[in-house]
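Residues per chain are reported as follows:
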Amino acid sequence: MDYIDLHCDTLMHLWQAKPGESLYSNSSLCVDIQRLKTGGAIAQFFAIFLPSSEAFKRLGQAEVDDDLYIDSLCSIIYHAAAEHPQEFCLARNAADLKEAKRAGKLAAFLTIEDGRSITSFDKLRAYYEKGIRLVSLTWNHENCLGFPNSKDPELMAKGLKPFGKEIVEEMQRLGMIVDVSHLSDGGFEDLAQIAKKPFIASHSNARALGPHQRNLSDRQLRILADRGGVAGLNFAPAFLGPDLDNRHSCLDLLLAQAEHMRRVGGEELPAIGSDFDGIQGKLDIAGADKMPELFAALQKMGWSSRQIEKFAFGNAMRIIEELL
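One structure accompanies this document, and this report is about it. Since this is a predicted model, take the numbers as computed values, not measurements. (Residues numbered from 1 in each chain as written. Predicted model: local features only at pLDDT ≥ 70, side-chain atom pairs only at ≥ 80, totals over all residues. Heavy atoms only, no water.)

**Here we look at the overall build of the protein**
When you go through the protein residue by residue, the secondary structure sums to 13 helices and 10 strands. Its C-alpha radius of gyration of 18 Å places the protein within 12% of the 20 Å reference for a compact globule of 324 residues. C-alpha extents for the protein along the principal axes are approximately 45 × 45 × 40 Å. By residue count, 59% of the 324 residues in the protein fall in the buried class. Contacts spanning at least 24 positions in sequence make up 68% of the contacts within the protein whose residues lie at least 6 apart. Accessible surface computed for the protein: about 12,700 Å², of which carbon and sulfur atoms make up 49%. Between the mean site of the 36 positive side-chain charges and the mean site of the 45 negative ones, the protein shows a separation of 3 Å. (Helix = DSSP H or I, 4+ residues; strand = E, 2+ residues; numbered from the N terminus. Rg over C-alpha atoms; globule rule 2.2 N^0.38 Å. Buried < 20%, exposed > 50% of the residue type's maximum accessible area, 1.4 Å probe, protein only. Contact = heavy atoms within 4.5 Å. Areas by Shrake-Rupley, 256 points an atom, 1.4 Å probe, with all protein chains shown as cover. Lys, Arg positive; Asp, Glu negative; His and termini not counted. Charge placed at Lys NZ, Arg CZ, Asp CG, Glu CD.)

Structure follows, in structure tokens:
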């Protein structure tokens, strides 16, 4: 089964990789080119996550300028494409992805997670020229574009800033995907008001089953569906069920989340946003090469081939075709 994954954090860990570890092959992460191809991936969205000061410390790295960091992570993709041209390429639009699939190559899309570095229209356009095609407007902190998801109801109610609204409009004009994962509820509402094209939640689940603030309410899922967007199923244990301290991403909870999204938003809504290499705990689907196990379980649960294909790649492909 072909599939498209809308979010992984692999590049962050490969930024200063250990000897022998690369995007092509590694033993410490969930994603590499070899395992993606084994699992049937036709495209992987690779996030450039902008670490906070605390995150840099956890990574054991000195804090660096955002643009230097972005260039460094882009270079991981560029170099892998140059070193393995028969197997891997950077994609900038739907035509690139379709050509890659015809040639038997895995396509990579670049994304930014946390729009804090987009401080001007020139910056946004420069990122577009680098090949970046999706931006998660916020991470877990306020930035120049808006406010994040939060347990604080007052913060959660705050929306996009005026500049953030302008950036959304420019992203959609350029041909970039606007991502609400990590955005506040107020920001979601603002985006729903101003967006002229579909937008997505690249790696967010249903709040009705998993009450984490990072997940989406049924109302938000319906809005996404009505606007032609998708929600990427996130494999993070704490996002799956009622226990926010859960450390096991079990298959049954993944299936329940996928089924809830389908029932609430229709079969055009659910997609894959694994969050591989950005999550921790015991994972039943433990890497890109294991993705067929998820599709087999959906089939056993009663999903039709059409529904599984839409979830695996069809819905994400529709977004790529329409927006890129």
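**Looking at the nonpolar core**
Residues Phe46, Ile48, Phe88, Ile132, Phe199 and Phe235 are the most contacted members of the largest nonpolar core, which totals 90 residues. Here this core takes 8 residues from helix 4 (residues 66-83), the largest share from any one element. With near-sequence residues (within four places) excluded, Phe46 lies in contact with Cys8, Thr10, Leu11, Leu23, Val31, Leu36, Ile77, Phe88, Ala108, Phe109, Leu110 and Thr111. Listed in part, the 23 residues of the second largest apolar core include Leu97, Ala107, Ala316 and Leu324. (Core = buried A, V, L, I, M, F, W, Y, C linked by side-chain atoms within 4.5 Å.)

**Some points on the layout of surface pockets**
By volume, the largest pocket is sized at about 960 Å³. What lines the largest pocket is a set of 33 residues, among which Arg58, Asp275, Gly278, Ile279 and Gln280 lie closest to the centre. When residues of the lining of the largest pocket are traced back to their parent elements, those giving at least two are helix 1 (10-14) and helix 3 (53-59). Tallying contributions element by element places helix 3 first for the lining of the largest pocket, with 3 residues. Along the lines of polarity and charge, the residues of the lining of the largest pocket split into 14 nonpolar, 11 polar and 8 charged. (1 Å grid on protein atoms, 1.4 Å probe; cavity = no way out; pocket = protein on both sides within 12 Å on 5 of 7 lines; lining within 4 Å. Points joined across faces, edges and corners; volume = space filled by probe spheres on them. Nonpolar A, V, L, I, M, F, W, Y, C, P; charged D, E, K, R; others polar.)

**Re empty space enclosed by the protein**
Within this structure, the stated rule accounts for 1 cavity of 30 Å³ or more. Computed from the structure, the largest cavity encloses a volume of approximately 60 Å³. Lining the largest cavity are 15 residues, with Val180, Leu183, Arg214, Asn215 and Leu216 sitting closest to its centre. Grouping the amino acids of the lining of the largest cavity by side-chain chemistry returns 4 nonpolar, 8 polar and 3 charged.

**Describing the pattern of salt bridges**
Applying the stated criterion to the full structure yields 20 salt bridges. As a salt-bridge pair, Asp66 and Arg116 come within 2.8 Å of each other at their nearest N and O atoms. With Asp66 in helix 4 and Arg116 in the loop between strand 4 (106-113) and helix 6 (121-130), this residue pair connects regions lying 50 residues apart in the sequence. According to the relative accessible area criterion, Asp66 is buried, its value standing at 18%. Its relative accessible area of 24% is what places Arg116 among the partly exposed residues. The shortest N-O distance in the salt bridge between Arg219 and Glu189 comes to 2.4 Å. In this pair, Arg219 is assigned in helix 10 (residues 218-226) and Glu189 in helix 9 (residues 185-194), connecting sequence segments 30 residues apart. (Salt bridge = Lys/Arg side-chain N within 4 Å of Asp/Glu carboxyl O.)

**Thoughts on the pairing of strand 4**
Burial within strand 4 is extensive, with 8 of its 8 residues counted as buried. Relative to strand 4, strand 2 (residues 41-49) runs parallel, the two sharing 7 bridges. Bridge pairing in strand 4 places Phe45 opposite Phe109. Relative to strand 4, strand 3 (residues 88-90) is paired through 3 bridges, and the arrangement is parallel. Across the sheet, the residue bridging to Cys89 is Ala107, located in strand 4. With helix 5 (residues 94-102) bridging strand 3 and its parallel neighbour strand 4, the resulting β-α-β unit is right-handed. (Pairing = 2+ DSSP bridges. Right-handed = clockwise from strand over helix to strand, strands pointing away.)

**Looking at the packing of helix 4 against helix 6**
Running from N to C, helix 4 and helix 6 point in directions that differ by 15°, and their axes come no closer than 11 Å. For the element pair helix 4 / helix 6, the angle class is roughly parallel. Our pair here, helix 4 against helix 6, has a crossing hand that is right-handed. Only Lys123, Tyr127 and Lys130 of helix 6 make contact with helix 4, whose side of the interface consists of Asp67, Ile70, Asp71, Cys74 and Tyr78. Split by residue class, the contact of helix 4 with helix 6 holds 4 nonpolar, no polar and 4 charged. (Axes fitted to C-alpha atoms, helices over the stretch in contact; angles between N-to-C directions. Parallel < 35°, antiparallel > 145°, perpendicular 65-115°, else oblique. Left-handed = near helix turned anticlockwise from the far one by under 90°.)

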